[in-house]
Amino acid sequence: MDASSECYLLVCAIEFGATYSGYAYSSISDYQNNPMNIIVPKWYSSLFFRRPLSNKTPSTLLLNKDKDFVAFGYEAETFYAQLADEGENEDYYYIKQFDFNFQDTLEKEVKIRDITGKKEMLAINIFKHTIKYFRKLMLNTINGQNLDVKETNIRWVLAVPAIWSDKAKQLISEAAELAGIPKIKLKMMFKSEGASLYCSRLPLPKFVDGNDFGFYQIGQKFMVLDAADRTVDITVHEVTDNKTFKVLEKARVLDCGAFCVNNRFKDILTDIVTPVVMEAFCMYHPEEYDNLFQDFESKMRTTKTTQQTWVTMRMPRSLRRMFTNLKKQLLEEEIRDSKYCKSIRCDPKHFSISPALFEHFFVSARTSISDHVYEMLENPQLNGTDTIIMIGGFSESPILQTYIKNRFPNCRIVIPNEPDLAVLKGSVLFGYNPCIISERKAKYWYGIASFTKFNPKFHNSEKKYKDLCCDIFDICVRKGSTLNVFEDQTKGPYETNREDQNEIDLDIYVSDSDTPPTYVTDEDCHYLGTLTVALPKENKTSQRNTRSVYVNFTFGGKEFFVHAKVNNNSYVTTVKFHFPGNEP
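As annotated in an unreviewed UniProt entry, the protein carries the name Heat shock 70 kDa protein 12A-like isoform X2 and comes from Crassostrea virginica.

Structural data, given as structure tokens:
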């Protein structure tokens, strides 16, 4: 199942978030000399000359009217801004700040709307174009630097949120295959685990305040707080006897990332200039709109309100002009006469925000994050967790860092100097050692739709068919159970009911209910896919009238495998596992 023994000359990790995406890589020779010698390409925007180099590029995809790829990232923003200036952007698909629903509803048929809200395309195709873009960048880098690496010797790693469902992971896997990455060359890993692996390798000078993570001790428990754009993932790990990691508590995903702070700023700005002006500003001047909020994000990640200095940003000329044309009043006059007169200053070129108001933007996000951290630390099963690792772009914020340190004075707060790169670099390390993650807790109940003899004392009469009870949720994996990576969970036998059967279909379901599900039609049950098992031809001289199928569930890395064997391992059959979007 695990391909770690294969020869990989280079590992490339790809991470795409709601707002920013990027990739990192390391050759086998660099890894052997120094595992931390990981290359993260820099990005810059040709549109805004004053913008510094960055570690990631915006998660922005531009397609033409035929839904063919045009550009990604800063290039997409530049191209679309030119189209908008020339009034030629109407037929293009401009998808900015990926807003995916990564729950069980994320299926092949799910579509994502573009910035206009009028056009949409399949989510799997957005994934495909994004992965293909980074794949081509990596291959171009190999060719441009004359690296002696063939594509067949590259392992690809995709960093995914811990909360993703099996359908979401299957969707991303199929998108990667459409983008030209074979499944056998692909690994997926949870972002929190990548960050843990990265921080465990960092020397002391690579941490904020010189507070390092140190060497892992057997039995050590630590929390990873991944504060990203839209969400915050919180996961607790423990170091096992063989110095690998196991997950003690699944992630809690909260809608309180950096976007929460951005939205508070946007709400106040919209309240001042009116929703009509803000919508028109976004639609007709996307380059200045993007620049405004990227400028705010930069301030958000660097400002220390303890210094009591006003936060100053450049005034978008188009926004000021549009407001004046609509309201027949200068924007600075409107602010002076508004309820924000003591907290916002404005002139034709700049506007400034008071320290108190700027910090107020963070209140909802930081309170929600810290409350959930407190709730998890109070869990008796997590006693002894005294270290919190802060990663993700939002963790760069001094305001958030200070609040977490003050809220949890008895915990050691560990922050790498570049928390937004912890996942990417950790994913590269994972690519060379995928077995570093040894255990995790099952997030769901896994089961197969089955039947049993009907018992009126226990079974619903609506499920009765002749003398059988149908739609039974036959549990294969119990929610909360410990799963060893690449260790089979076997269930069976499931017997055929006809001698002439050439194959058997087993419908697999998952459930997030607190108690064991009874039927696959229960409210919390969701259809996951169908396992189609090819059956061997029956020997005519055999006295056997039925053939038995045993099903193996294997959780390897972030991949979920289902395999089957016939007649108790006497015959290994080929199987197909389908993840269609609708019920069988």
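Following the structure, the description resumes.
1. A word on the side chain of serine 26
Summarising the element assignment, serine 26 is placed in strand S2 (residues 20-27). Serine 26 has contacts with Leu10, Val11, Tyr31, Asn37, Ile38, Val428 and Tyr432, leaving out every residue within four places of it along the chain.

2. Some words on the layout of surface pockets
Within this model, the second largest pocket holds a volume of roughly 850 Å³. Elements that contribute at least two residues to the lining of the second largest pocket include exactly strand S6 (93-96), strand S7 (111-113), helix H6 (258-273), helix H7 (275-284) and helix H8 (286-302). A per-element tally of the lining of the second largest pocket places H8 first, with six residues. Per-class residue counts for the lining of the second largest pocket are 16 nonpolar, eight polar and 11 charged.

3. A few points about the sheet that holds strand S10 (residues 186-190)
The strand order across the open sheet formed by five strands is S3-S2-S1-S9-S10, and the pairing between neighbours is mixed. If you trace the sheet from one side to the other, it starts and ends with strand S3 (57-58) and S10, each paired once. Relative to S2, strand S1 (residues 10-16) is paired through seven bridges, and the arrangement is antiparallel. Among the inter-strand pairings, glutamate 15 is bridged to a residue of S2, identified as glycine 22. In this fold helix H5 (residues 191-201) packs onto S1, strand S9 (154-160) and S10, with an angle of close to 85° to the strand it touches most, S10.

4. Remarks on unusual backbone geometry
Generally, phi is negative for residues other than glycine and the peptide bonds are trans, each holding for most cases. With a phi close to 55°, asparagine 146 is a non-glycine residue in the positive phi region. Locating asparagine 146 in the fold gives a position in the loop between helix H3 (123-144) and S9. The backbone of aspartate 471 sits at a positive phi, close to 65°, despite the residue not being glycine. On the secondary structure map, aspartate 471 appears in strand S22 (residues 468-477).

5. Concerning the packing of helix H12 (residues 363-377) against helix H13 (residues 398-407)
The relative placement of two packed helices comes down to the angle between their axes together with the axis-to-axis distance. Where H12 meets H13, the axes come as close as 10 Å, and the angle between the chain directions of the two elements is 35°. With respect to the hand of their crossing, H12 and H13 are arranged in right-handed fashion. Side by side, H12 and H13 meet where Arg366, Thr367, Ile369, Ser370, Asp371 and Tyr374 of the first sit next to Ile399, Leu400, Tyr403, Ile404 and Arg407 of the second. Its residues assigned to classes, the contact of H12 with H13 shows six nonpolar, two polar and three charged.

Parameters and conventions
Residues numbered from 1 in each chain as written. Predicted model: local features only at pLDDT ≥ 70, side-chain atom pairs only at ≥ 80, totals over all residues. Heavy atoms only, no water. Helix = DSSP H or I, 4+ residues; strand = E, 2+ residues; numbered from the N terminus. Contact = heavy atoms within 4.5 Å. 1 Å grid on protein atoms, 1.4 Å probe; cavity = no way out; pocket = protein on both sides within 12 Å on 5 of 7 lines; lining within 4 Å. Points joined across faces, edges and corners; volume = space filled by probe spheres on them. Nonpolar A, V, L, I, M, F, W, Y, C, P; charged D, E, K, R; others polar. Pairing = 2+ DSSP bridges. Axes fitted to C-alpha atoms, helices over the stretch in contact; angles between N-to-C directions. Left-handed = near helix turned anticlockwise from the far one by under 90°.

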